[in-house]
Amino acid sequence: MKKFYFAGNWKMNLLKEQALALTKSLKDAYGKLDKHQIILAPPFLLVPYLLDLLAGSKIKLACQNASQERSGAFTGEVSPLLIADLKIDYVILGHSERRALYGETNALVADKVKLALESSLRPIVCIGETLEIREKNLENSYVEQQIQAVLVKLTAEQARQLLFAYEPVWAIGTGKVASPQEVELMHRHIKSYVQKFYPEALEPPVLYGGSVKPDNAGTLAKIKEVDGFLVGGASLEFALFDKIIQNSLPSLA
Ligand code: PGA
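Reading guide: rules and limits
- Each chain carries its own residue numbering, running from 1 in the direction its sequence is written.
- In keeping with the predicted nature of the model, local features appear solely for residues at pLDDT of at least 70, side-chain atom pairs appear and are counted solely at 80 or more, and the whole-chain, interface and lining totals rest on all residues.
- To obtain the side-chain values, all non-hydrogen atoms of the structure were used and water was disregarded.
- To qualify as a nonpolar core, a set must consist of buried Ala, Val, Leu, Ile, Met, Phe, Trp, Tyr and Cys residues joined through side-chain atoms within 4.5 Å.
- Accessibility here uses a 1.4 Å probe with only protein chains present; expressed as a share of the type maximum, an area under 20% marks a residue as buried, one over 50% as exposed, and anything in between as partly exposed.
- In what follows, residue pairs with any heavy atoms lying within 4.5 Å of each other are defined as contacts.
- Elements are defined by DSSP. Helices are runs of H or I of four residues or more, strands are runs of E of two residues or more, and each kind is numbered from the N terminus.
- We define a polar contact as two N or O atoms separated by no more than 3.5 Å, with the added condition that, inside protein, one atom must be a possible hydrogen donor and the other a possible acceptor, whereas residues neighbouring each other in sequence contribute only through side-chain atom pairs.
- Here, axes are lines fitted to C-alpha atoms. For helices the fit covers the stretch in contact, and angles between N-to-C directions go from 0 to 180 degrees.
- Oblique is the label for any angle not under 35 degrees, not over 145, and not in the 65 to 115 range, which are roughly parallel, roughly antiparallel and roughly perpendicular in turn.
- If you view the pair so one helix is near and one far, a crossing is left-handed when the near helix is turned anticlockwise from the far one by less than a right angle, and right-handed when it is turned clockwise.
- Residues are grouped as follows: Ala, Val, Leu, Ile, Met, Phe, Trp, Tyr, Cys and Pro are nonpolar; Asp, Glu, Lys and Arg are charged; every other residue, Gly included, is polar.
- Planes of paired rings set the category: under 30 degrees apart is stacked, over 60 is edge-to-face and the rest tilted, where pairs are Phe, Tyr or Trp rings (Trp by its six-membered ring) whose centres lie within 6.5 Å.
- Both a distance and an angle decide whether a charge sits over a ring: NZ of Lys or CZ of Arg must be within 6 Å of the ring centre and within 35 degrees of the ring normal.
- Residues are counted as near a molecule or strand when any one of their heavy atoms sits within 4 Å of it.
- Surface accessibility follows the Shrake-Rupley procedure with a 1.4 Å probe radius. Residue values consider only the protein chains on display as shielding.
- The rule for a salt bridge is simple: a side-chain nitrogen of Lys or Arg has to be within 4 Å of a carboxyl oxygen of Asp or Glu.

Draft legend 1. Spatial organisation of the nonpolar core. Counting residues in each nonpolar core, the largest one holds 65 residues, and the members touching the most others are Leu 40, Tyr 208 and Phe 229. In contact with Phe 229, not counting residues within four places along its chain, are Phe 4, Tyr 5, Phe 6, Ala 7, Leu 207, Tyr 208, Val 212, Ala 217, Leu 220, Ala 221, Ile 244 and Ser 248.

Draft legend 2. Seen up close, unusual backbone geometry. Although it is not a glycine, Ser 120 adopts a positive phi angle of roughly 70 degrees. For Ser 120, the location among the structural elements is in the loop between helix 5 (106-118) and strand 5 (122-127). According to the relative accessible area criterion, Ser 120 is exposed, its value standing at 62%. Non-glycine residue Asn 137 carries a positive phi angle of around 60 degrees. Residue Asn 137 is classed as exposed on the basis of its relative accessible area, which comes to 64%.

Draft legend 3. Region of the structure containing the side chain of Gln 146. Of note, Gln 146 is situated in helix 7 (residues 139-151). Overall, Gln 146 belongs to the buried group, its relative accessible area being 4%. The residues contacting Gln 146, other than those within four sequence positions of it, are Arg 99, Asn 106, Ile 127 and Gly 128.

Draft legend 4. Fine view of the side chain of Lys 112. Mapping Lys 112 onto the fold places it in helix 5. According to the relative accessible area criterion, Lys 112 is buried, its value standing at 2%. Here Glu 104 takes part through its side chain, which lies 2.8 Å from a polar atom of the side chain of Lys 112. With residues near it in sequence (within four places) discarded, Lys 112 still touches Asn 65, Ala 66, Ser 67, Gln 68, Leu 93 and Glu 104.

Draft legend 5. Structural view of the packing of helix 7 against helix 9 (residues 180-197). With their axes 10 Å apart at the nearest point, helix 7 and helix 9 run at an angle of 40 degrees to one another. In terms of orientation, helix 7 lies oblique with respect to helix 9. Considering only the axes of helix 7 and helix 9, their crossing is right-handed. Between helix 7, through Glu 139, Asn 140, Val 143, Glu 144, Ile 147, Gln 148 and Leu 151, and helix 9, the contact on the second element is made entirely by Met 186, His 189, Ile 190, Tyr 193, Val 194 and Phe 197. Residues that form the contact of helix 7 with helix 9 fall into these classes: 8 nonpolar, 3 polar and 2 charged.

Draft legend 6. Representation of the packing of aromatic side chains in the model. Going through the model one piece at a time under the given rule, you end up with 6 aromatic pairs. Cluster of aromatic residues (ring-pair linked, three or more members): Phe 4, Phe 6 and Phe 229. The residue whose ring lies beneath Arg 98 is Tyr 102, and the NZ or CZ to ring-centre distance is 4.2 Å.

Draft legend 7. Expanded view of the site of the ligand. Taken together, 13 residues are adjacent to the ligand, and Lys 11, His 95, Glu 167, Gly 173 and Ser 211 come closest. Separating an oxygen atom of the ligand from a side-chain N or O atom of Lys 11 is a distance of 2.7 Å. Here an oxygen atom of the ligand sits 2.9 Å away from a polar atom, N or O, in the main chain of Gly 233. Taken by itself the ligand offers 280 Å² of open surface, and the protein chains cover 97% of this. When the residues that make up the shell around the ligand are grouped by side-chain class, the tally is 4 nonpolar, 7 polar and 2 charged.

Draft legend 8. Expanded view of the pattern of salt bridges. Tallied over the full model, the rule gives 17 salt bridges. Residues Glu 139 and Arg 134 are paired through a salt bridge, measuring 3.5 Å at the closest nitrogen-oxygen approach. Linking Glu 182 and Arg 134 is a salt bridge whose minimum nitrogen-to-oxygen distance equals 3.7 Å. One end of the pair, Glu 182, is in helix 9; the other, Arg 134, is in helix 6 (residues 131-135), and 48 residues separate them in sequence. Residue class for Glu 182 comes out partly exposed when judged on its relative accessible area of 26%. For Arg 134, a relative accessible area of 14% puts it in the buried group. Counted as one network, the salt bridges with shared partners bring together Arg 188, Lys 191, Glu 203, Lys 224, Glu 225 and Asp 227.

So, to be careful, I would describe these as geometric facts and stop short of saying anything about function.
Structure follows, in structure tokens:
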């Protein structure tokens, strides 16, 4: 059975009580699940509350971003050293919203990934093409560039710690999901590219993200190359996230 990651990216959603209620329901249902990994990525301010609530459970936390700097005069930024200090395991980096709305370039994402690894965090590196790129059939080389920018800054040992999330930009929050064939081909491409770059590194886990919902989760989870989901909208409601997990489990057996 493959180990599967169910990561919920809450983005800038939920207030404290809603977040605590959702987390409590997930803890009651999945707090002891150890065959697969559930990861919640709340907004920064909620992290300490969730840490307390999840103490002793198998559910892990991720931050949605981290700085490329260790410390200093960087108002509004959060250091990966602080994230690691709070015993958080994962950090999502290079999400397409960070790239599109906050100008994060491949080079900046690579610096963030490097420092996150040096801080002992496991980065979930988001990659994926826009519709324009896919319509020109350039998605493979586009994604390669995103990966290459990160890998050139790392040692093979560091590269082993990475997870990738393939999130075609045109599928995020749009209800359009990539077809199983598109997902399978791209995930294979990503894994082969990383292996070609660092033959010593293991094939990285590659999560799929972009309109994962209860009705497509089972089909996507069945694809051999898919090691998990990065779920946005459908991770905000217990009933939906729970159904995504429940509908995936038979495909993973
Ligand atoms: P979505 O978002 O599930 O709402 O499409 C996915 C993501 O942005 O990680």
